[in-house]
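Residues per chain, in single letters:
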Amino acid sequence: MSPTQAPAPSPTDRRRSVGDGPPTPTRRRRPLGARLRRDWPLLAMAAPAALLLLVFHYLPTLGNVIAFQDYNPFVGDDALEAFLYSEWVGFGNFEILFRDPLFWDAVRNTLTITAFQLVFFFPLPIFLAILLNSVVSGRVRGFVQSVVYLPHFFSWVLVVTFFVQMFGGAGLLAQEMRQAGLQPWDIMTNPDTFIVLVTAESVWKDVGWGAIVFLAALSAIDQNLYEAAAADGAGRWRRLWHITLPGLRPVIILLLILRLGDALSVGFEQFILQRDAVGRQAAEVLDTFVYHNAIATQQWGQGAAAGLFKAVIGLILIIAANKMAHRLGEQGVYSRS
């Protein structure tokens, strides 16, 4: 072989050249003790939250066994013996529940309110976040944010009282209409418009708080994209449509999936406070049904069956919505393996 002639590549070199690059050495996993010594500060900080989650979320799920029992808390000497000695009825509680027309009325009211609020309430925090993000003055933006955040910290008792004082039969609006010679509107006790009333209360209370997540997502969008689009002649609406909304889409889909998971949970305090004013037909939702027909009557098994039914439906909706998000190219609540 002449000095200028290159040596023929070996079979190993040929196989290596066909791949994407040189093989990377496998990283050896550290022993458990080494990882614990390295991460113990993080584990110590996460321990209280994990303990709280375990005690108040995971351990109570064991109580779902009541849904399959004729539970009697007075059987035995303690709570554990009440679980062990209560009569096992299988799916009897579910059969009683599903034959009750009042239960299906509550489910229908709950789904109707959820669908109405998805259309008329869910988009409002997005619009508010975009509006606040477009305000140039930092002082004006901070003032508006403080004003719209504040109602979130009010209890539902205070929120309902405020609406009664403003729109009730003896409220400010009714008094002004009477002084003008007009017949006051029936707002707080009208079952036909109750769904609009509870949605308006939810908007006033939580629209500002819901905008926080979208404001954080807006701050993560690269500002160079807006500058490049403006340099190319894109107007404000074009930048909104092609940059802002696509940047918010992952967060919107994530929160929409989580909201669908809570489709059968529209709240308890807000409806229990106004149920007597508008009647059961309009204000009875699944949570108030469980209270009046299970807890108040000590039918613990039927109440647990209703709660388990609500949890299963929420899980199905989350999985279905998450699969739809994967089809749209989004990660959703969890990514595909």
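Use the structure listed above.
Small disclaimer: the values here were computed from a predicted structure and weren't measured. (Residues numbered from 1 in each chain as written. Predicted model: local features only at pLDDT ≥ 70, side-chain atom pairs only at ≥ 80, totals over all residues. Heavy atoms only, no water.)

Peer 1: I'd love a proper account of the environment of aspartate 78, names of residues and values included.
Peer 2: When you line up the elements, aspartate 78 lands in the loop between strand E1 (69–70) and helix H3 (79–85). Residue classification places aspartate 78 among the partly exposed residues on the basis of a relative accessible area of 41%. A polar contact of 2.9 Å, which involves the side chain of aspartate 78, links it to the backbone nitrogen of glutamate 81. (Helix = DSSP H or I, 4+ residues; strand = E, 2+ residues; numbered from the N terminus. Buried < 20%, exposed > 50% of the residue type's maximum accessible area, 1.4 Å probe, protein only. Polar contact = N/O pair within 3.5 Å; in protein donor to acceptor, adjacent residues only side chain to side chain.)

Peer 1: Requested: an account of the packing of helix H5 (residues 101–120) against helix H16 (residues 286–295), with residues and values cited.
Peer 2: Direction vectors running N to C along H5 and H16 enclose 155°, while the axes themselves pass 8 Å from each other. Taken together, H5 and H16 sit at an angle that is classed as roughly antiparallel. Residues Leu102, Phe103, Ala106, Val107 and Thr110 of H5 touch H16, and the partners they reach there are Leu286, Phe289 and Asn293. Residue composition of the contact of H5 with H16, by class: six nonpolar, two polar and no charged. (Axes fitted to C-alpha atoms, helices over the stretch in contact; angles between N-to-C directions. Parallel < 35°, antiparallel > 145°, perpendicular 65-115°, else oblique. Contact = heavy atoms within 4.5 Å. Nonpolar A, V, L, I, M, F, W, Y, C, P; charged D, E, K, R; others polar.)

Peer 1: Quick rundown of helix H8 (residues 156–167)? Include the residues and the values.
Peer 2: Over its 12 residues, H8 runs 16 Å from end to end, which matches the ideal 16 Å to within 8%, given 1.5 Å per residue. Buried within H8 we find Trp156, Val159, Val160 and Phe163. Taken down its axis, H8 places every buried residue within 95° of arc, on the same side. Contacts from the buried residues of H8 go to helix H10 (194–219) and helix H13 (269–272). (Expected span 1.5 Å × (residues − 1). Arc of directions from axis to C-beta.)

Peer 1: A description of the packing of H16 against helix H17 (residues 300–327) should follow, citing residues and the corresponding values.
Peer 2: Their axes nearest at 8 Å, the elements H16 and H17 cross at an angle of 160°. Viewed along their axes, H16 and H17 adopt a mutual orientation that is roughly antiparallel. Helix-helix and strand crossings are classified by hand; for H16 and H17 the assignment is right-handed. Along its contact with H16, which presents Leu286, Asp287, Val290, Ala294 and Ile295, the element H17 presents Trp300, Gln302, Gly303, Ala306 and Lys310. When its residues are assigned to classes, the contact of H16 with H17 shows six nonpolar, two polar and two charged. (Left-handed = near helix turned anticlockwise from the far one by under 90°.)

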